[in-house]
Amino acid sequence: MLCTGDLIIWGVPNAGNPQKAQRYPWDWARGLRAMAETGAASLCPGHGGPVVNDPGLVRRILQDTAAFLEEVVDRTLAVLEDGSPPHVDVVRRVKLPQSEAPWLQPVYDEAEFIVRNVIRYYGGWWSGRPSELKPAPREQVAAELAALGGGPGTLLARAVELAPHNMPLACHLADYALEAAPDDPAIAEGVAALYTERGARETSLMATNLYRSAAAGALSRFPSS
């Protein structure tokens, strides 16, 4: 019997957690392959039900998960070696591996977050954009963009307009609107609504909870909202 802890959680491995210290998917994969070689008949994962008396399935789960992690690492490194920063562009260029296996669905973590951890390890904390090496305070940037765009309300209105077909871009504008007008309850309510909607669209628990927290944070200055 193998007791894997959180190395197996019946989902994409939590090797990209955006709120934790650096994690190492290559070592994670090596550990899984070592466990696969034991020939264990049963597996007790960190989350989800056990596999009992089925050594073939145990081996497949371990090997499939190791291969998934290795593929994420290999594809990320290939993109890093073919242009490197800005990091956000590296993430967009990595073709994420897909799997139909129920033990490799993005229900808690997701492959994009693992890509970001690989970039963080090999590429450092700088995004690669010159302005972000020693950036201005966000509130100053937000105020300037809001002034150029017609005010925080205009930014939020455009965010709402974009949301149905480009939610990531909409959220950038919503962030700037909120940072430019942190004491405006109407802006806060609009931003909270966007992040509530974005959280509802996500598959991974991690992303869902972070977007829900963003919605709550937008309203935190206004307890009655």
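See the structure shown above.
Reading guide: rules and limits
The residue numbers shown here count from 1 along each chain, following its written sequence. Totals for whole chains, interfaces and linings use every residue, but because this is a predicted model, local features are given only for residues with pLDDT of at least 70 and side-chain atom pairs only at 80 or more, for both listing and counting. By convention in this description, side-chain values take in all heavy atoms of the structure and omit both hydrogens and water. Buried residues of nine kinds, namely Ala, Val, Leu, Ile, Met, Phe, Trp, Tyr and Cys, make up a nonpolar core once their side-chain atoms join them within 4.5 Å. Accessible area is worked out with a 1.4 Å probe on protein chains only. A residue is then buried under 20% of its type maximum, exposed over 50%, and partly exposed in between. Helix numbers and strand numbers start at the N terminus; a helix is a DSSP run of H or I with at least 4 residues, a strand a run of E with at least 2. Pairs of residues are marked as contacts when any of their non-hydrogen atoms sit within 4.5 Å. Basic side-chain nitrogens of Lys or Arg form a salt bridge, by our definition, when they fall within 4 Å of a carboxyl oxygen of Asp or Glu. The rule for pairing is simple: two strands pair if DSSP sees at least two bridges between them. Here is how to tell: hold the view so the strands point away, follow the path from the first strand over the helix to the second, and if it runs clockwise the crossover is right-handed. Angular values range over 0 to 180 degrees, each being the angle between N-to-C directions of two axes fitted as lines to C-alpha atoms, with helices fitted over their stretch in contact. The scheme is simple: roughly parallel for angles under 35 degrees, roughly antiparallel for over 145, roughly perpendicular for 65 to 115, oblique for anything else. Note on convention: near helix rotated counterclockwise from far helix by under a right angle means a left-handed crossing. Clockwise means right-handed. Asp, Glu, Lys and Arg are counted as charged, while Ala, Val, Leu, Ile, Met, Phe, Trp, Tyr, Cys and Pro are counted as nonpolar; the rest, among them Gly, fall into the polar class. Two rings belonging to Phe, Tyr or Trp (six-membered ring only in the last case) form a pair when the distance between their centres is within 6.5 Å. Interplanar angles under 30 degrees mark stacking, angles over 60 mark edge-to-face geometry, and anything in between is tilted.

## Quick look at the nonpolar core
Then, in step 1: Membership of the largest hydrophobic core comes to 35 residues, with the highest contact counts inside it found for Leu32, Leu62 and Leu69.
Then, in step 2: Within the residue set of this core, elements represented by two or more residues are α1 (25-36), α2 (55-80), α3 (87-93) and α4 (111-123).
Then, in step 3: With residues up to four places along the chain from it excluded, the contact list for leucine 32 reads Leu7, Ile8, Leu62, Thr65, Ala66 and Leu69.
Then, in step 4: Within the second largest apolar cluster, 22 residues are counted, among which are Leu162, Cys171, Ala174 and Ala181.

## Some points on the pattern of salt bridges
Then, in step 1: Across all of its chains, the model carries 14 salt bridges by this definition.
Then, in step 2: In this structure, glutamate 37 and arginine 59 form a salt bridge, with 3.2 Å as the shortest nitrogen-oxygen distance. Placement of glutamate 37 in the loop between α1 and β2 (43-45) and of arginine 59 in helix α2 is noted, with a sequence separation of 22 residues between them.
Then, in step 3: For glutamate 37, a relative accessible area of 54% translates into the label exposed.
Then, in step 4: Given a relative accessible area of 34%, arginine 59 falls into the partly exposed group.
Then, in step 5: Here aspartate 64 and arginine 60 are joined by a salt bridge, their closest N and O atoms 3.4 Å apart.

## Regarding the pairing of strand β1 (residues 2-5)
Then, in step 1: Here β1 shows a buried face lined by Leu2 and Thr4 and an unburied face lined by Cys3 and Gly5.
Then, in step 2: Examined bridge by bridge, β1 and β2 share 3 bridges and lie parallel to one another. When the bridges of β2 are listed, cysteine 3 appears paired with cysteine 44.
Then, in step 3: This β-α-β element, β1 to α1 to β2, shows right-handed connectivity.

## Here's the deal with the environment of glycine 149
Then, in step 1: Checked against the element boundaries, glycine 149 lands in helix α5 (residues 138-149).
Then, in step 2: Considering only alpha carbons, one finds glycine 149 and threonine 208, 59 residues apart in sequence, at a separation of 30 Å.

## Points about the packing of α2 against α4
Then, in step 1: Where α2 contacts α4, the axes come no closer than 9 Å and their chain directions differ by 55 degrees. The angle between the axes of α2 and α4 places the two elements in the oblique class. Crossing hand, α2 versus α4: right-handed. The segment α2 lies against α4, with Phe68, Leu69, Val72, Val73, Thr76, Leu77 and Leu80 engaging Ala111, Ile114, Val115, Val118, Ile119 and Tyr122.
Then, in step 2: Its residues assigned to classes, the contact of α2 with α4 comprises 12 nonpolar, 1 polar and no charged.

## Things to note about the side chain of threonine 4
Then, in step 1: Residue placement: threonine 4 occurs in strand β1.
Then, in step 2: For threonine 4, a relative accessible area of 7% puts it in the buried group.
Then, in step 3: Look past the residues within four positions of threonine 4 in its chain and what remains in contact with it is Met35, Leu43, Cys44, Pro45, Gly46 and Leu62.

## Observations concerning the packing of aromatic side chains
Then, in step 1: If you walk through the whole model with that rule in mind, you get 7 aromatic pairs.
Then, in step 2: Between tryptophan 10 and tryptophan 103, the ring centres sit 6.1 Å apart and the planes meet at 70 degrees, which makes this aromatic pair edge-to-face. Here the residue tryptophan 10 occupies a position in the loop between β1 and α1, and tryptophan 103 occupies one in the loop between α3 and α4, the gap between them amounting to 93 residues.
Then, in step 3: The exposure class of tryptophan 10 is partly exposed, given its relative accessible area of 25%.
Then, in step 4: Taking relative accessible area as the criterion, tryptophan 103 reaches 6% and is therefore assigned buried.

## Describing unusual backbone geometry
Then, in step 1: In this structure, tryptophan 10 takes a positive phi of about 55 degrees despite not being glycine.
Then, in step 2: In this structure, asparagine 53 takes a positive phi of about 55 degrees despite not being glycine.
Then, in step 3: Secondary-structure assignment places asparagine 53 in the loop between β2 and α2.

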